[in-house]
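Residue-level structural notes
If you want the building blocks of each chain, they are given just below.
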There are 2 protein chains.
Amino acid sequence: MRLLYHFWLSAPCRLVRLLLHEKRLDYKPVIEKVWERRADFLALNPAGEVPVLVEPDGTTLTHPMVITEFLEEVHTERSLLGDDPLSRAECRRLIAWFETKFAREVTDNLVGEKVMKRFLRIGQPNSESIRAGLANIHYHLDYIAYLSETRNWLGGDEFSLADIAAGAHLSVVDYLGDVPWDDHGEARAWYQRLKSRPSFRPLLDDLIPGLPPPRHYADLDF
Amino acid sequence: MRLLYHFWLSAPCRLVRLLLHEKRLDYKPVIEKVWERRADFLALNPAGEVPVLVEPDGTTLTHPMVITEFLEEVHTERSLLGDDPLSRAECRRLIAWFETKFAREVTDNLVGEKVMKRFLRIGQPNSESIRAGLANIHYHLDYIAYLSETRNWLGGDEFSLADIAAGAHLSVVDYLGDVPWDDHGEARAWYQRLKSRPSFRPLLDDLIPGLPPPRHYADLDF
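Just so it is clear, the structure is predicted and the values come from calculations on it, not from any experiment. (Residues numbered from 1 in each chain as written. Chains lettered and ligands numbered in written order. Predicted model: local features only at pLDDT ≥ 70, side-chain atom pairs only at ≥ 80, totals over all residues. Heavy atoms only, no water.)

Our focus in this paragraph is the sheet that holds strand β4 (residues 60–62) of chain B. Residue and element names in this part refer to chain B. Reading across the sheet, the four strands line up as β2-β1-β3-β4 and stay open at both edges, with mixed pairing between neighbours. The open sheet is flanked by β2 (28–31) and β4, the only strands paired with a single partner. Going from strand to strand, the sheet's axes swing by 20 degrees on average, the running direction of each strand aside. Relative to β2, strand β1 (residues 3–6) is paired through four bridges, and the arrangement is parallel. In the sheet register, H6 faces β2, and the bridge partner there is I31. Packing of helix α1 (residues 11–22) onto the sheet brings it into contact with β1 and β3 (52–54), and relative to β1 it is tilted by some 155 degrees. Across the face of the sheet, helix α3 (residues 64–74) comes into contact with β3 and β4 while running at roughly 130 degrees to β4. (Pairing = 2+ DSSP bridges. Helix = DSSP H or I, 4+ residues; strand = E, 2+ residues; numbered from the N terminus. Axes fitted to C-alpha atoms, helices over the stretch in contact; angles between N-to-C directions. Contact = heavy atoms within 4.5 Å.)

Laid out in structure tokens, this is it:
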């Protein structure tokens, strides 16, 4: 059985969970509390980070981009990157946009400060970072609106890993109730389409002990 | 003509410069001072970051991973990622290691604090960050030693993008004289082999106005 070591509110882990579901690849999720630095886990990934995917033959893959490219190369039935080098480049550009720029400007400032610092026991949330995250998210939602208005989905006409990467990050911020949907109708319309996909269901069922999500989180008609 | 918008001490830019040279793809380098936020440049890359590669047909590519994958897909003569999905996964894992982990733990703390803050005019270097960078580099050099002892090059038997990514980051730190080579003979031996490749030459000729490198920087026998 394929194993995925992950943590609930990790956006890169959610990216891989969504991708596996969209590609119809079964897996068993395993919660890994990375701050415990288990020796067995460090042997799988010396970087000590999730996600880590262990394929049925024992092949171990770390880092969301590595996992993404591997699954696309090996399980080619349902491509989620695109059919030609240019489409794939545009899709990868947007994955990188969310995995690096959105992560740094929004996710780390909100989820990192409010939740992960508590788990990692590395001090109090920094209110300046939280304010920055809440301010930065607006222009990212504008960018999503721009892309989904000019195209059908973010990366082009087809649903792709660009939507998956964006949805992974927005869903963890939404778990905290920090996405200002009321100000961003276009982005909300795109997210509603995403949220109603079966691959999104398991994410909406996530329930972090001691940290319940706001009521609208799992609501498809939020 | 292919254009590469880059900045001297940006490791991701150096990664692309090395890759283009190794793949024998001609290009014209263009220095982009990203902090000036030129409108024409933002039109090329809304993320406002280097590297940006403009192919002879006008195709514009941003982000080192996007550029890397595109060049590998389109210019297949000299592959630098590997010949099968597993080799490519290992190579991509190490690219991600240097582009995210090494970058965050070492490059950002040293080059970011000492140099980029000055260019960006965003305050004084943080001495705590610099101390962290100088401490963290040791275990990365140990990891390079471990990999280059068990394999011929970092990613496997062949020279690959894993070496290029590692060399890109180490070379910018070395420009500041902050690599403790004397404590890491194995890593030095690997870097010597890397440094003597023709693709490395242009990097060793970089001369940043007002910030000369230490004497050993361009020396192949340092």
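The next thing to look at is helix α7 (residues 185–195) of chain A. Residue and element names in this part refer to chain A. Taken together, the buried positions of α7 are A187, R188, W190, Y191, L194 and K195. All buried residues of α7 project into a common sector of 160 degrees when viewed along the axis, lining one side. Against α5 (127–150), α6 (161–175) and α8 (201–204) lie the buried residues of α7. (Buried < 20%, exposed > 50% of the residue type's maximum accessible area, 1.4 Å probe, protein only. Arc of directions from axis to C-beta.)

The next subject is the sheet that holds strand β1 (residues 3–6) of chain A. Residue and element names in this part refer to chain A. Spatial strand order, β2-β1-β3-β4: four strands in an open sheet with mixed pairing. A strand with exactly one partner marks an edge of an open sheet, and here the two such strands are β2 (28–31) and β4 (60–62). On average, adjacent strands in this sheet sit at an angle of 20 degrees to one another, irrespective of strand direction. Together, β1 and β3 (52–54) form the strand contacts of helix α1 (residues 11–22), whose direction differs from that of β1 by roughly 155 degrees.

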